[in-house]
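Examining the three-dimensional arrangement
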Amino acid sequence: MKPSIAIIGATGAVGTEFISVLKHFDFQFEKLYLVASARSAGNVVSTPFGDLTVEDITYFDFSAVKYAFFTAGGNVSREWAKKAIEAGATVIDNTSAFRMQDTVPLIVPEINLDSFSGQKLISNPNCSTIQLVRTLAPIRDAFGLNRVIASTYQAVSGAGTEGVNALHSSLLNSEESEQGESEPFPRTIAHNVIPSIDRFMDNGFTFEEEKVRFESRKILELPDLFITCTAVRVPVFRGHSVATYVETKHPIDVERVKHVLRQADVVVCDQQEDFPTPRTIKDCHKVYVGRIRKEPDSPTGLWLWVVADNLWVGAALNAVSIARELENGA
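Not measured: the values here are computed from a predicted model.

Quick notes on the environment of Ser-196
Mapped onto the secondary structure, Ser-196 falls in the loop between α5 (160-173) and α6 (207-220). Each C-alpha atom, one on Ser-196 and one on Arg-233, is 6.9 Å from the other, the two residues being 37 residues apart in sequence. If near-sequence neighbours (up to four positions away) are discounted, Ser-196 is found in contact with Pro-186, Thr-206 and Ala-231.

This is the structure in structure tokens:
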């Protein structure tokens, strides 16, 4: 029997991508519900599955669905996820609301599907974390991991529709003011890079940087792994990049690194000049790795340049893949 599903936050940047992912991968469902706040309720959205009317979350009957994909922000998830579960739905949450709770599985299906054991609440990791661990996991298995230093270069769509609109606006008005009145970033984003994503913590790191640290440890099942991050917002509409330095337990062989990455369904850009960029990657459902090089001063040092579509690989695709695995009996 095909499941009925709901997308909560269906009119947002990630919510709309869920619809595209469902179509692209021919996810079989009985009925699709689009759910959002009262502000969007009643709007009719044209989708590959027909015109659908957005429903108000306040009145939505979660007992009508098997899977509820939450994409509307942490506050919405904290308020409504429990109610959806009590109504019988399995919640796959795309926010940071529950990721670090010990009882909530944080799943990347290619890596740690076995950490799911029947829970009704599953967390989808942070967008940068997903593409990073997709490359780290096969390296962990082949060489072991001692240390990871990552610098993320994150597109404005990671901040939702508001972030995309801010880049459009600031490209037109960047010379008029240091920061637009409605801009969600602490500096004007056009022609700029901003080393500040999410709020600052007491230790000087941002919450985005801490998410990469703690989520990677949880997914890779390496609670003591040394991993640190600097997260940077860049004037790119779509696609995150991560410059990653890895120190392994055993000496690195670059050709074997490429082999294990390919075996893990990662696209390896073999020639150094053929590096991936957000604008040039061809498949939005793939993780790309280029600039693979051994550190000259360390037999266990490795550099990687990792690029992926943050709205697909980093959000909608991973969540839909979780549901697909559950339907297949995971």
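Past the structure itself, the notes keep going.
Focus on the packing of helix α4 (residues 127-143) against helix α7 (residues 254-263)
Viewed as axis vectors pointing N to C, α4 and α7 meet at an angle of 125°, and their least axial separation amounts to 9 Å. In terms of axis orientation, α4 runs oblique to α7. Read as a crossing pair, α4 and α7 show a hand that is right-handed. Within the contact between the two elements, α4 uses Thr-135, Pro-138, Ile-139, Ala-142 and Phe-143 and α7 uses Arg-256, Val-257, Val-260 and Leu-261. Residue composition of the contact of α4 with α7, by class: seven nonpolar, one polar and one charged.

Considerations on the sheet that holds strand β8 (residues 121-123)
Pairing between the strands of a sheet is mediated by backbone hydrogen bonds and can be parallel or antiparallel. Reading across the sheet, the six strands line up as β5-β2-β1-β6-β7-β8 and stay open at both edges, with parallel pairing between neighbours. The open sheet is flanked by β5 (55-56) and β8, the only strands paired with a single partner. In the packing of helix α2 (residues 74-86) onto the sheet, contacts are made with β1 (5-8), β6 (67-70), β7 (90-93) and β8, and the angle to β6 comes to roughly 175°. Its contacts with the sheet place helix α8 (residues 312-327) against β6, β7 and β8, and it is angled at close to 165° to β6.

Reading the values: rules and limits
The residue numbering used here restarts from 1 in each chain and proceeds along that chain's sequence as written. Whole-chain, interface and lining totals are the exception, using all residues; otherwise, since this is a predicted model, local features are given only for residues with pLDDT of at least 70 and side-chain atom pairs are given and counted only at 80 or more. Think of the side-chain values as coming from all heavy atoms in the structure, minus any hydrogens and water. The way it works is that DSSP assigns letters per residue, a run of H or I at least four long becomes a helix, a run of E at least two long becomes a strand, and they are numbered from the N terminus. We call two residues contacting when some pair of their heavy atoms lies within 4.5 Å. Comment: axis = line fitted to C-alpha atoms, over the contacting stretch for helices; angle = value between 0 and 180 degrees taken between N-to-C directions. In this scheme, roughly parallel covers angles under 35 degrees and roughly antiparallel covers those over 145, while 65 to 115 is roughly perpendicular and the rest are oblique. Left-handed is the label given to a crossing in which the near helix is rotated counterclockwise from the far helix by less than a right angle, and right-handed is the label when the rotation is clockwise. Three classes are used: nonpolar for Ala, Val, Leu, Ile, Met, Phe, Trp, Tyr, Cys and Pro, charged for Asp, Glu, Lys and Arg, and polar for all others, with Gly counted as polar. Strands are treated as partners if at least two bridges between them are detected by DSSP.

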